[in-house]
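Chain by chain, the residues run as shown.
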Amino acid sequence: LEQRDYEYMRSLYPDAAKRILPYVEEECDRSEGPCSMMYDEYPDRLQLRLMGNRIYGKVMDNERRFLENEGNEEAAGVEGQHRRKEPQNWLRDLIDVMLYQELYRRRSENRRMRQKYY
């Protein structure tokens, strides 16, 4: 029931989030393992940032055209007008939120699996 609910909510994601999700899942799959930092009580902020950076890089390499079509030239790395203050990078923020949500889901599943055996 929880998995079905989770899948339904994911189906409601906006298009940009649906395109980013496979990159987030791939990075989590790559980082997963019995001694992975993702299962530490308090995951290391630097490691989380590095995971987000890898995802961001892959998204920018593969989804630039989509992002440009969405009208977000700054997030797509296109040079805009010079401004005194950097604009908020919504894409980077979205990736971080999706990464933390996926890590939370995997940590919860891991705890449930461990409880069944003890």
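Note that the structure is a prediction, hence the values are computed from the model and not measured.

Conventions we followed
Residues numbered from 1 in each chain as written. Predicted model: local features only at pLDDT ≥ 70, side-chain atom pairs only at ≥ 80, totals over all residues. Heavy atoms only, no water. Salt bridge = Lys/Arg side-chain N within 4 Å of Asp/Glu carboxyl O. Helix = DSSP H or I, 4+ residues; strand = E, 2+ residues; numbered from the N terminus. Buried < 20%, exposed > 50% of the residue type's maximum accessible area, 1.4 Å probe, protein only. Bend = angle between axes of the 7 residues up to and from the residue.

Participant: So what's going on with the pattern of salt bridges? Which residues, and what values?
Facilitator: Enumeration according to the criterion identifies 14 salt bridges in this entry. Here R30 and E27 are joined by a salt bridge, their closest N and O atoms 3.0 Å apart. Highlighted residues: R30 and E27, both in helix α2 (residues 15–31), separated by three residues, approximately one helical turn. We classify E27 as buried; its relative accessible area is 1%.

Participant: Lay out helix α3 (residues 45–69) with the relevant residues and their values.
Facilitator: The α-helix winds at 3.6 residues per turn, so residues separated by three or four positions along the chain end up facing the same way. Of all the bends in α3, the greatest measures close to 80 degrees and is centred on E63. Listed in full, the buried residues belonging to α3 are L48, M51, G52, I55, V59, M60, E63, F66 and L67.

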